[in-house]
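Each chain, letter by letter, is given below.
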Amino acid sequence: MNSKINSQRRDFLKYTGVSAAAVATYPAFVHAASSGAVNKPSANFHADVEIELKQEVVNISIFDGPKTRVWKVFGKVLKGSSKTVENLSGTYLAPTLHFQTGQKVRIYLKNNLPSESILHWHGLHVPSKMDGNPMYAINNGETFVYEFEILNRAGTYWYHAHTHSVTAKQVYSGLAGLIIVSDKKEQALALPKGQYDVPIVIQDRSFDRNNQLQYSNHMMQRMQGFLGDQIMINGQPDFVLPVENRSYRLRLLNGSNSRIYKLAWDDGSPVTIIGTDGGLIEKPETMPYVMLAPAERRELWIDFSKKSIGTELTLRSIPFEGAAMHGGMMGRRGGMGGGMMGGRRGMGGMMSGGSLPAGGDYPVLKVKIVKKARSNDTLPKRLTPITPLRLGDAENVKNPRKIALSMRHMSALLNGRSYKMNDIRPDEVIPVNSLQLMQFDNGYHGGHGMAMPHPMHLHGEQFQVIKREVNIRHQHSHATVAEGLVDNGWKDTTLVMPGERVTFLKPFNDFKGLFMYHCHNLEHEDMGMMRDYLIK
Ligand code: C2O
Ligand code: CU
Ligand code: CU
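If you're wondering where the values come from, they're calculated on a predicted model, not measured in any experiment.

Colleague: Tell me what's going on with the coordination of the copper ion (ligand 2), and back it up with residues and numbers.
Modeller: Ideal geometry at a metal gives 109.5 degrees between four tetrahedral donors and either 90 or 180 degrees between six octahedral ones. Bound to the copper ion (ligand 2) are the protein donor atoms H120 (NE2) and H457 (NE2), situated 1.9 Å from the metal. Of the two residues, H120 sits in strand β6 (residues 119-122) while H457 sits in strand β25 (residues 454-458), which places them 337 residues apart along the sequence. Here the two residues H120 and H457 agree in accessibility, since each one is buried.

Written out as structure tokens, the structure reads:
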């Protein structure tokens, strides 16, 4: 494993050293797709699959009546299996990309948008230059060439725009899609496959009477995060999933800008979790409901075999506390059942999510049993093994790296700082090939300013949560989400509720350079709740 990765790192270093003259020596490697390229394909990188992703402004039919103007990604396979890219019609969603662990992938990103833009591969462990840091944004007419090997295990990952200060708007307009990685261990399991393995991207949007996407990021949305008044599933309104009476694997992604879901089946069935951000967990877990914060993934197992044809079932978001802004400028109003929601509703539907207030009660995914199944799969007792990271292997066992989350004076901060490009402070330098003990602290020791939940994300390799603590003042509201937090398995994003401190172990192997850490409430991110680590 290590030698493979080390040789890959050498390739990467060579890559960055390729000069214009060196590229000219290998004209055969300059693919036609790279016109307007800001970088060139590397002669040393032998891609198994090559794809083109073109970003364009188009009008598509989402509703009856006027078409909706969206920012859409169109994919094309240049080399490798045609199944690598699955374009989706009737939605703003970007194509689903299907990769195998170990594949070498080259992606030509062509930007035909009236704005600069860059794509990031969320959850994938790729070299810094290939990670879609905002500093690599390309202009209209330009192409960025990505090259990386799929080092991650099988799982549900995603990609989205990561453009400086406009990520929220660009993702909202359509620049996001799924990445499904498969590997041998996963394929060997008797889990539902093909049409019984269903991706479910959950997002909220607001449309005006002419079917146009509405977005606003005035102060209120930036502090709370944008909330739409309509749930979209896989980029479609009023979505109903037709199923057979058998078991299914549902891969949920919360692709919303800021909305947090507390998901439960409306017939009282428990929720069975088989996977999280970094793929399958070791064994299935059942819980009354599951929390899903922006950017998080959860894989659900659900068996409809006891249901009769015609039955409908709904995955609902059910009430919880701590979702809306509290304290500071909003005043303390107790839980969500109190004056908070009423007050926000009074400020205008679009700000507050209208009929879908944060922490409210509303349907998310409707399922209808329409057909008798010919076969079924039984839930495996064991899924895939996960090597636990060991506290003793951390370089800083006695001195965890703290990331303090705060919202003060109309800004959202990490350790009191706002995002700035190329602004690495001494505590943001991390040695390569080290394991770090880290902590997100969301007012665990009290503190002033506003208490908001923050879905915290780190780029690069995934991490493992080892401890979650809540301060006494927040225990009551925390109890409304506690049973639905899944900390098992590999994670790249974790929900940090008000008053919480989350301790985790994060490896920084293989790649040097800049890797971001930020809040995945995209309005918070754009407001500056984001920083870079320098791995060296
Ligand atoms: Cu999903 Cu830095 O992002
Ligand atoms: Cu990411
Ligand atoms: Cu946040």
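There's more to say after this.
Colleague: Requested: an account of the packing of aromatic side chains, with residues and values cited.
Modeller: For the structure shown, the criterion picks out 17 aromatic pairs. Seen in terms of ring centroids, Y172 and F226 are 4.9 Å apart; in terms of plane orientation they differ by 70°. Their pairing is edge-to-face. In this pair, Y172 is assigned in helix α3 (residues 167-173) and F226 in the loop between α5 (219-224) and β11 (230-233), connecting sequence segments 54 residues apart. F226 carries the same exposure label as Y172, and that label is buried. A centroid spacing of 6.1 Å and a plane angle of 80° characterise the contact between F508 and Y533, whose relative ring orientation is edge-to-face. Residue F508 is located in strand β28 (residues 500-508), and its partner Y533 is located in strand β30 (residues 530-535); the two are separated by 25 residues in the primary sequence. When sorted by exposure, F508 lands in the same class as Y533, which is buried.

Colleague: Residues and numbers for the sheet that holds β25, please.
Modeller: Reading across the sheet, the 5 strands line up as β23-β30-β29-β25-β27 and stay open at both edges, with mixed pairing between neighbours. The strands lining the two open edges of the sheet, one partner per strand, are β23 (429-430) and β27 (493-496). Here β25 runs beside β27; their pairing, made up of 4 bridges, is antiparallel. If you follow M456 over to β27, its bridge partner there is T494.

Colleague: So what about the nonpolar core? Which residues, and what values?
Modeller: Grouped together as the largest cluster of nonpolar side chains are 53 residues, with contacts concentrated most on L53, F99, W121, Y146 and F148. Of the residues forming this core, the biggest block, 5 residues, is contributed by strand β1 (residues 49-60). Beyond its immediate sequence surroundings of up to four residues, F148 is in contact with F45, Q103, K104, V105, I107, W121, L124, V126, P127 and M130. Counting residues in each nonpolar core, the second largest holds 39 residues, with I202, L241, W265 and L365 among its members.

Colleague: Please provide a residue-by-residue account of empty space enclosed by the protein, values included.
Modeller: Across all of its chains, the model carries 6 cavities of 30 Å³ or more by this definition. In this structure, the second largest cavity encloses a volume near 80 Å³. Lining the second largest cavity are 13 residues, and of these Q224, S258, I260, A323 and P453 sit closest to its centre. Looking at the lining of the second largest cavity, its residues break down into 8 nonpolar, 4 polar and 1 charged. Here the lining of the second largest cavity spans two domains, since at least three of its residues come from each of domain 2 (194-371) and domain 3 (391-535).

Colleague: Provide a residue-level description of unusual backbone geometry, including the pertinent values.
Modeller: Non-glycine residue N234 carries a positive phi angle of around 50°. Structurally, N234 is set in the loop between β11 and β12 (240-244). Accessibility expressed as a relative area gives 18% for N234, which makes it buried. One non-glycine residue, A295, adopts positive backbone phi at about 80°. Residue placement: A295 occurs in the loop between β17 (290-292) and β18 (297-303).

Colleague: Break down the pattern of salt bridges for me, with residues and values.
Modeller: Scanning the model with the defined rule gives 27 salt bridges in all. Across the pair R251 and D197 runs a salt bridge, and its minimum N-O distance is 2.8 Å. On the criterion of sequence distance, the pair formed by R251 in strand β13 (residues 247-254) and D197 in strand β10 (residues 197-205) is long-range, its members being 54 residues apart. Side by side, R251 and D197 carry an identical accessibility label, which is buried. For R298, the salt bridge is made with E296, and the minimal N-O distance between the two is 3.2 Å. We classify R298 as buried; its relative accessible area is 1%.

Colleague: Before we move on, could you go through the sheet that holds β17 and cite the residues and values that matter?
Modeller: Reading across from one edge, β12-β20-β19-β14-β17 is the order of the 5 strands in this open sheet, with mixed pairing throughout. The open sheet terminates on both sides in strands that have one partner only, identified here as β12 and β17. This sheet shows a mean twist of 30° between the axes of neighbouring strands, independent of strand direction. Pairing geometry for strand β19 (residues 312-317) and strand β20 (residues 362-371), over 6 bridges, is antiparallel. Within the sheet, the bridge partner assigned to T314 lies in β20 and is K366.

Colleague: Can you lay out the side chain of R298 for me, pointing to particular residues and giving the numbers?
Modeller: Counting through the fold element by element, R298 comes out in strand β18. Within the structure, the side chain of R298 is placed 3.4 Å from the backbone oxygen of M291, a separation counted as a polar contact. Residues in contact with R298, not counting those within four places in the same chain, are L250, R251, L252, I273, G275, T276, D277, V290, M291, L292, V486 and K491.

Colleague: Talk me through the side chain of H474; I want residue IDs and the actual numbers.
Modeller: With respect to the helices, strands and loops of the structure, H474 is situated in the loop between β26 (464-470) and α8 (475-478). Owing to a relative accessible area of 11%, H474 belongs among the buried residues under this scheme. Those residues within four positions of H474 in sequence are excluded, and the remaining contacts are A451, P498 and G499.

Colleague: Describe the pairing of strand β5 (residues 104-111), naming the residues involved and giving the relevant values.
Modeller: Successive side chains on a regular strand alternate, one facing one side of the sheet and the next facing the other. Among the 8 residues that make up β5, 7 are buried, leaving the element largely enclosed by the rest of the structure. Pairing of β1 with β5, which is carried by 7 bridges, proceeds in the parallel orientation. Counted as the bridge partner of Q55 is N111 from β5.

Colleague: Can you tell me about the confidence of the model for the protein, naming the residues and giving the values?
Modeller: Taken residue by residue, the protein gives an average pLDDT of 89. The fraction at 70 or more is 88%. With pLDDT under 50 throughout, residues 1-34 is counted as low confidence; its partners more than four residues away or in other chains account for 40 contacts. With pLDDT under 50 throughout, residues 326-351 is counted as low confidence; its partners more than four residues away or in other chains account for 49 contacts.

Rules used in this analysis
- Residues numbered from 1 in each chain as written.
- Chains lettered and ligands numbered in written order.
- Predicted model: local features only at pLDDT ≥ 70, side-chain atom pairs only at ≥ 80, totals over all residues.
- Heavy atoms only, no water.
- Donors = N, O, S within 2.8 Å, 3.2 Å for Na, K, Ca; no water.
- Helix = DSSP H or I, 4+ residues; strand = E, 2+ residues; numbered from the N terminus.
- Buried < 20%, exposed > 50% of the residue type's maximum accessible area, 1.4 Å probe, protein only.
- Phe/Tyr/Trp six-rings, centres within 6.5 Å; stacked < 30°, edge-to-face > 60°.
- Pairing = 2+ DSSP bridges.
- Core = buried A, V, L, I, M, F, W, Y, C linked by side-chain atoms within 4.5 Å.
- Contact = heavy atoms within 4.5 Å.
- 1 Å grid on protein atoms, 1.4 Å probe; cavity = no way out; pocket = protein on both sides within 12 Å on 5 of 7 lines; lining within 4 Å.
- Points joined across faces, edges and corners; volume = space filled by probe spheres on them.
- Nonpolar A, V, L, I, M, F, W, Y, C, P; charged D, E, K, R; others polar.
- Domains from an automatic or database assignment.
- Salt bridge = Lys/Arg side-chain N within 4 Å of Asp/Glu carboxyl O.
- Axes fitted to C-alpha atoms, helices over the stretch in contact; angles between N-to-C directions.
- Polar contact = N/O pair within 3.5 Å; in protein donor to acceptor, adjacent residues only side chain to side chain.
- pLDDT = per-residue confidence, 0-100.

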